[in-house]
Amino acid sequence: MRRVFHILLVLLALIAPAAGSLEALEATPIIEETEPVLLDVVPPGPPCSLTVRDYLENSDFGDKIEIEWGLSPDDGSGACDVTGYILSRALAEGEVGEVLDEISSGVTRYIDESVEPGVEYYYNLVSHDGTSPSGRVWAGPTAGRANLFQWSRFSVLVLMVVFFAMVARFTAVAGKGAKLFVRRIPGLNAIEEAVGRATEMGRPVLYVPGIGEIDNIMTIASLNILSHVAKITARYDTPLIVPTARAVVMSAAEEVVKQAYTEVGNPDAYNPDNIRYLSDAQFAFAGAVNGIMLREKPAANLYMGAFWAESLLLAETGFEAGAIQVAGTAMVSQLPFFVTACDFTLMGEELYAASAYLSREPKLLGGLKGSDWMKVVSIALIAAGIIARAVGLESFVAWFQTQ
Amino acid sequence: MATIIWTTIGAILTLSVYSFLYKDNPFYKFAEHLVVGISAGYYLVIYYFNFIQPNVVAPVFLLRIGNEAIGLGSSMWWLALIPGILGLLLYTRFFPKFGWVGRWSLGIYVGGYAGLGLSPIMQARVLNQIGANALPLTSITNVFLIVGLLGTLTYFFFSMKHKGVLGVLARVGIVFLMVGFGASFGYTVMSRVSLLIGRVSFLLHDWLHLI
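Residues numbered from 1 in each chain as written. Chains lettered and ligands numbered in written order. Predicted model: local features only at pLDDT ≥ 70, side-chain atom pairs only at ≥ 80, totals over all residues. Heavy atoms only, no water.

### Observations concerning the overall build of chain B
Summing up its helical and strand segments, chain B has 6 helices and 2 strands in all. Listing every helix and strand of chain B by position from the N terminus yields α-α-β-β-α-α-α-α. Computed over its C-alpha atoms, the radius of gyration of chain B comes to 27 Å, more than 25% above the 17 Å expected for a compact globule of 211 residues. Each of the three principal axes of chain B carries a C-alpha extent, and together these read 65 × 60 × 40 Å. For chain B, the proportion of its 211 residues judged to be buried stands at 27%. Expressed as a percentage of contacts within chain B between residues at least 6 apart in sequence, the contacts between residues at least 24 apart total 23%. Looking at chain B as shown, the accessible area adds up to about 14,100 Å², and 75% of this sits on carbon and sulfur atoms. If the 12 positive side-chain charges of chain B are averaged to one point and the 4 negative ones to another, these points end up 20 Å apart. (Helix = DSSP H or I, 4+ residues; strand = E, 2+ residues; numbered from the N terminus. Rg over C-alpha atoms; globule rule 2.2 N^0.38 Å. Buried < 20%, exposed > 50% of the residue type's maximum accessible area, 1.4 Å probe, protein only. Contact = heavy atoms within 4.5 Å. Areas by Shrake-Rupley, 256 points an atom, 1.4 Å probe, with all protein chains shown as cover. Lys, Arg positive; Asp, Glu negative; His and termini not counted. Charge placed at Lys NZ, Arg CZ, Asp CG, Glu CD.)

Here's what the structure looks like:
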């Protein structure tokens, strides 16, 4: 009995969906009237032409190539079924290469901004209608070349011409013997006082020209001041110790000190062993200079040039040793330490001004005066920029934002 | 075992350097001379393999670095002789009679770098700064910034005495500079303290295993 009941249940389960589908069949017409779907198997015509050339319209660094093509005959006319173009780039002739971009129909120009300067590329282009692509058109090879003149940096040229004109003018005026006014920098008096104090105490002067290379403008300014200091020590017959962290700086420092001693008329007092190369390693250099401060006990420590994290180590040790200390650097991050631990500090451009003030060299004076008036020009341009922004002339400000 | 030995050497050298805080002593002298001597030797090797060998020796003597032939097939190999000779000229100072020749190298080196640096400095430190500071005076911050900039530039103007209006502006400039220096000082002291923490952690954790 139970078996028969199971069979009945199974039969019912089979019949029920079939009955439902029969009802559905009765409700729907047997032949549905739909629009016939026509598959587009005819590819569109290929682009008429393809030309590639180095991008020249605006200044570039050779990292752009310009690609132009003629529209496919089926783009906007003919079958009017072109939906876009596929642009590819390869390094070898005949290769399809990587797909660079998919471009909308109606467009005839593309700038490839991802090329390696000097590398030759081959380009190919197909049009497509969404189902099938056209035949491929080829062009190349072309390489991106940097423009001879960077128009985007024209503003740099203009300002450099203005700056050099001012420097040349002031240098010429100074060269003719005219007295160009440069205000006294307080820290400069301190240098002579410090050397004088060392002489009175019969102890050496320590001059640290920083740890910058000779190409660093601060090191060059420092060597000019070193010349002045060496002349004073030569005159007073006070030992001058110059520890350096760079071999080339040591060579230059030797030349400068030797020359200064000769000019003063005391060449015999020059001791080449006092111009020392210690180490290129920053903290090894700092440690060794600290050792000199404690063992040779200089009465005056002069730190002029480019300094980094060793500045406070040096200045603090010199302070503990009781030396009079004068520092000068344009390293903004290190100035706070020198201001804190030294008796006098030449801040930023005062370092450069000091070398011009002390030497009275026409070229240095011309440079100082030129950069002074360049500041006036800069303030005027900033004021003009503020006004330009206020009246909506953003292009004036953008002229200064070079890449 | 090797780790323990090296850590102990590091710890002893660290303590030797810190002993300088008390006063100059033989331990500090030893550590100082050790680091100066080692760094001199280290930089000699670094400079040779990073600069002299690839830029001078390899192109001239057709050496190879790894699998790459340096200078092989290059018709411009002789260009490498120029910096090589200029470098050698620096050693003429050991011969007093010809010592002046070394100044050529220095002159080319300094002049070349100064020339190369001119355009980027004018662009980055003058032009772009002019553009960045041409701000609309629509907020207190912008006004503050412009006043500070004007004052600071005036302070570094050397062609006139700082009297009258220039004197007032220069005084404003120095106030801005000192505030900036104070902030920079505090920030750097924080980073130095973190270096100290690193060393103390090395001594107490890596060496003594106390923390």
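### Description of the sheet that holds strand 10 (residues 275-277) of chain A
All names here are of chain A. The strand order across the open sheet formed by 6 strands is 10-9-8-11-12-13, and the pairing between neighbours is parallel. Edge positions in the sheet fall to strand 10 and strand 13 (344-347), since each of these pairs with one other strand and no more. For this sheet the average axis-to-axis angle between neighbouring strands, irrespective of direction, equals 15°. Two elements, strand 12 (residues 324-329) and strand 13, share 4 bridges in a ladder whose sense is parallel. Each bridged residue has a counterpart across the sheet, and for Thr 329 the counterpart in strand 13 is Met 347. (Pairing = 2+ DSSP bridges. Axes fitted to C-alpha atoms, helices over the stretch in contact; angles between N-to-C directions.)

### A look at unusual backbone geometry
Residue and element names in this part refer to chain A. Pro 141 follows Gly 140 through a cis peptide bond whose omega is 5°. Within the secondary structure, Pro 141 is located in strand 7 (residues 137-143). The phi angle at Lys 297 is positive, at roughly 45°, despite the residue not being glycine.

### Comments concerning the domain arrangement of chain A
In terms of domain boundaries, chain A breaks down into domain 1 (50-143) and domain 2 (180-360). Domain 1 of chain A and domain 2 of chain A are separated by 62 Å when their C-alpha centres are compared. (Domains from an automatic or database assignment.)

### Some thoughts on the environment of B:Leu204
All names here are of chain B. Take Leu 204: it is sitting in helix 6 (residues 164-207). Overall, the relative accessible area of 30% leaves Leu 204 in the partly exposed class. For the pair Leu 204 and Ala 11, spaced 193 residues apart in the sequence, the C-alpha separation amounts to 9.6 Å. If sequence neighbours within four positions are ignored, Leu 204 has contacts with His 209, Leu 210 and Ile 211.

### Side note on the pattern of salt bridges
It is possible for side chains of opposite charge to pair when their charged atoms get near one another. The tally for this structure, following the rule as stated, stands at 16 salt bridges over all chains. B:Arg103 serves as the salt-bridge partner of A:Glu255, at 2.8 Å between the closest nitrogen and oxygen. Of this pair, A:Glu255 sits in helix 5 (residues 247-264) while B:Arg103 sits in helix 4 (residues 102-133), on two different chains. Residues B:Glu32 and A:Arg295 are paired through a salt bridge, measuring 2.8 Å at the closest nitrogen-oxygen approach. Within this pair, whereas B:Glu32 is found in helix 2 (residues 26-61), its partner A:Arg295 is found in helix 6 (residues 282-295), the two belonging to separate chains. For B:Glu32, a relative accessible area of 8% translates into the label buried. (Salt bridge = Lys/Arg side-chain N within 4 Å of Asp/Glu carboxyl O.)

### Looking at the environment of B:Val101
Residue and element names in this part refer to chain B. Take Val 101: it is sitting in the loop between helix 3 (81-89) and helix 4. We classify Val 101 as buried; its relative accessible area is 11%. Not counting residues within four places of it along the chain, the set of residues in contact with Val 101 comprises Leu 89 and Thr 92.

### Remarks on helix 6 of chain A
Taking 1.5 Å of rise per residue, 14 residues should cover 20 Å, and helix 6 of chain A covers 20 Å from first to last C-alpha, within 8% of that figure. Most of helix 6 of chain A is tucked away, with 10 of its 14 residues classed as buried. Of all the residues in helix 6 of chain A, the buried ones are A:Ala284, A:Phe285, A:Ala286, A:Gly287, A:Ala288, A:Val289, A:Asn290, A:Gly291, A:Ile292 and A:Met293. Considering only its buried residues, helix 6 of chain A is in contact with strand 8 (205-210), strand 9 (240-244), strand 10, strand 11 (300-306) and helix 7 (310-321) of chain A together with helix 2 of chain B. Following helix 6 of chain A by one or two positions, A:Lys297 has its phi on the positive side, about 45°. (Expected span 1.5 Å × (residues − 1).)

### Considering the packing of helix 10 (residues 362-390) of chain A against helix 5 (residues 140-155) of chain B
It is the contact of helix 10 of chain A with helix 5 of chain B, at a shortest axis distance of 11 Å, that shows an interaxial angle of 165°. Here helix 10 of chain A is positioned roughly antiparallel relative to helix 5 of chain B, judged by the angle of their axes. Where helix 10 of chain A crosses over helix 5 of chain B, the two elements pack in a sense that is left-handed. Note on element contacts: helix 5 of chain B touches helix 10 of chain A through B:Ile146, B:Leu149, B:Leu150 and B:Leu153, opposite A:Lys375, A:Ile379, A:Ile382 and A:Ile386. (Parallel < 35°, antiparallel > 145°, perpendicular 65-115°, else oblique. Left-handed = near helix turned anticlockwise from the far one by under 90°.)

### A word on the interface of chain B and chain A
Facing the 54 residues of chain B at the interface are 68 residues of chain A. At the junction of chain B and chain A, the tally comes to 4 salt bridges. Notably, a salt bridge pairs A:Glu254 with B:Arg93, separated by 2.5 Å at the nearest N-O pair. For the interface between chain B and chain A, the tally reads 18 residue pairs in polar contact (both at pLDDT 80 or more). Among the secondary structure elements, those contributing two or more residues to the side of chain B that touches chain A are helix 2, helix 4, helix 5 and helix 6 of chain B. At 16 residues, the largest contribution of residues to the side of chain B that touches chain A is made by helix 4 of chain B. Residue composition of the side of chain B that touches chain A, grouped by class: 35 nonpolar, 12 polar and 7 charged. (Polar contact = N/O pair within 3.5 Å; in protein donor to acceptor, adjacent residues only side chain to side chain. Nonpolar A, V, L, I, M, F, W, Y, C, P; charged D, E, K, R; others polar.)

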